[in-house]
Amino acid sequence: MEDIENRRKKEVEGSDEVKENNQNESEEDLKNIIARHPLFEVLIESHMKCLEVGYEEAGEFDITSDAWKKLVNTNSKATTSPNTSELDHFMEAYCMALSKLKEAIEEPTKEAKAFINATYIQLKELGDANNPQINCDNN
């Protein structure tokens, strides 16, 4: 009786392992299909542009972007499977969403920069008006 129960447990455990392995393989296949999609490079560039918004020193992202471009170029040499219309729509929508996100992030950043610049100008004018000797010394 115990032998039968042990066999059943092992069979169930084995089938769970097989299901998990199949799921992992399926996920890897999906990742590879996405990485080979023609819009993958555009998606990565859009993502990097979102990250760059608001950073004065975006040089660190250029390095990452170049690394991604190398990765994308090697992955996108293979063609995608013919039945990818859902993936095409997803990739297009994702790229558009990232573009809109970038614009939404940029607007307040531009407004904040304009405000800060105007404040600096006003402070400089106030400083110049309160210290006429500094103006004479600078000339």
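Going by the structure above, here's the rest.
Keep in mind it's a predicted model, so treat the numbers as computed, not measured.

Parameters and conventions
Residues numbered from 1 in each chain as written. Predicted model: local features only at pLDDT ≥ 70, side-chain atom pairs only at ≥ 80, totals over all residues. Heavy atoms only, no water. Helix = DSSP H or I, 4+ residues; strand = E, 2+ residues; numbered from the N terminus. Buried < 20%, exposed > 50% of the residue type's maximum accessible area, 1.4 Å probe, protein only. Contact = heavy atoms within 4.5 Å. Areas by Shrake-Rupley, 256 points an atom, 1.4 Å probe, with all protein chains shown as cover. Expected span 1.5 Å × (residues − 1). Axes fitted to C-alpha atoms, helices over the stretch in contact; angles between N-to-C directions. Parallel < 35°, antiparallel > 145°, perpendicular 65-115°, else oblique. Left-handed = near helix turned anticlockwise from the far one by under 90°. Nonpolar A, V, L, I, M, F, W, Y, C, P; charged D, E, K, R; others polar. Phe/Tyr/Trp six-rings, centres within 6.5 Å; stacked < 30°, edge-to-face > 60°. Core = buried A, V, L, I, M, F, W, Y, C linked by side-chain atoms within 4.5 Å.

Q: How should the overall build of the chain be read in this particular structure?
A: Helix and strand counts for the chain come out as five helices and zero strands. Relative to its 139 residues, the chain shows a buried fraction of 13%. Considering only contacts in the chain between residues 6 or more positions apart, those separated by 24 or more positions represent 81%. Summed over all atoms, the accessible surface of the chain reaches about 11300 Å², with 53% contributed by carbon and sulfur.

Q: When you look at helix H4 (residues 85-130) in this model, what are you seeing that I'm missing?
A: A turn of α-helix holds 3.6 residues, and therefore any two residues three or four places apart point the same way. When the terminal C-alpha atoms of H4 are compared, their 67 Å separation across 46 residues agrees well with the 68 Å that a helix rising 1.5 Å per residue should span. Of all the positions in H4, only Leu87, Met91, Cys95 and Leu98 are classed as buried.

Q: Explain the side chain of serine 46 here, please?
A: Mapping serine 46 onto the fold places it in helix H2 (residues 40-52). With near-sequence residues (within four places) excluded, serine 46 lies in contact with Cys95 and Leu98.

Q: What exactly am I supposed to notice about the packing of H2 against H4 here?
A: How two helices sit against one another is set out by the angle between their axes and by the gap between those axes. It is at 9 Å that the axes of H2 and H4 come closest, and there the two elements cross at 15°. As judged from the angle between their axes, H2 and H4 are roughly parallel. H2 and H4 meet at a crossing whose hand is left-handed. In this structure, H2 contributes Phe40, Val42, Leu43, Ser46, His47, Lys49 and Cys50 to the contact, and H4 contributes Met91, Tyr94, Cys95, Leu98, Leu101, Lys102 and Ile105. Residues belonging to the contact of H2 with H4 are distributed by class as follows: ten nonpolar, two polar and two charged.

Q: Would you take a moment to explain the packing of aromatic side chains for this structure?
A: Here a ring pair, both rings aromatic, is described through the centre-centre distance and the interplanar angle of the planes. Applying the stated criterion to the full structure yields one aromatic pair. Residues phenylalanine 90 and tyrosine 94 carry aromatic rings whose centres are separated by 5.6 Å and whose planes lie at 45° to one another, so their mutual orientation is tilted. Taken together, the residues phenylalanine 90 and tyrosine 94, both in helix H4 and four residues apart, mark about one turn of the helix. Of the residues examined, phenylalanine 90 reaches a relative accessible area of 45% and is grouped as partly exposed.

Q: Help me out: how do you make sense of the nonpolar core in this one?
A: Within soluble globular proteins, side chains that are nonpolar tend to cluster in buried spots. Among the nonpolar cores identified, the biggest contains ten residues, and these are Ala35, Phe40, Leu43, Ile44, Met48, Cys50, Leu87, Met91, Cys95 and Leu98. Those elements that place two or more of their residues in this core are H2 and H4. For this core, the element with the most residues is H2, which contributes five residues. Among all residues touching cysteine 95, those that are not within four sequence positions of it are Leu39, Val42, Leu43 and Ser46.

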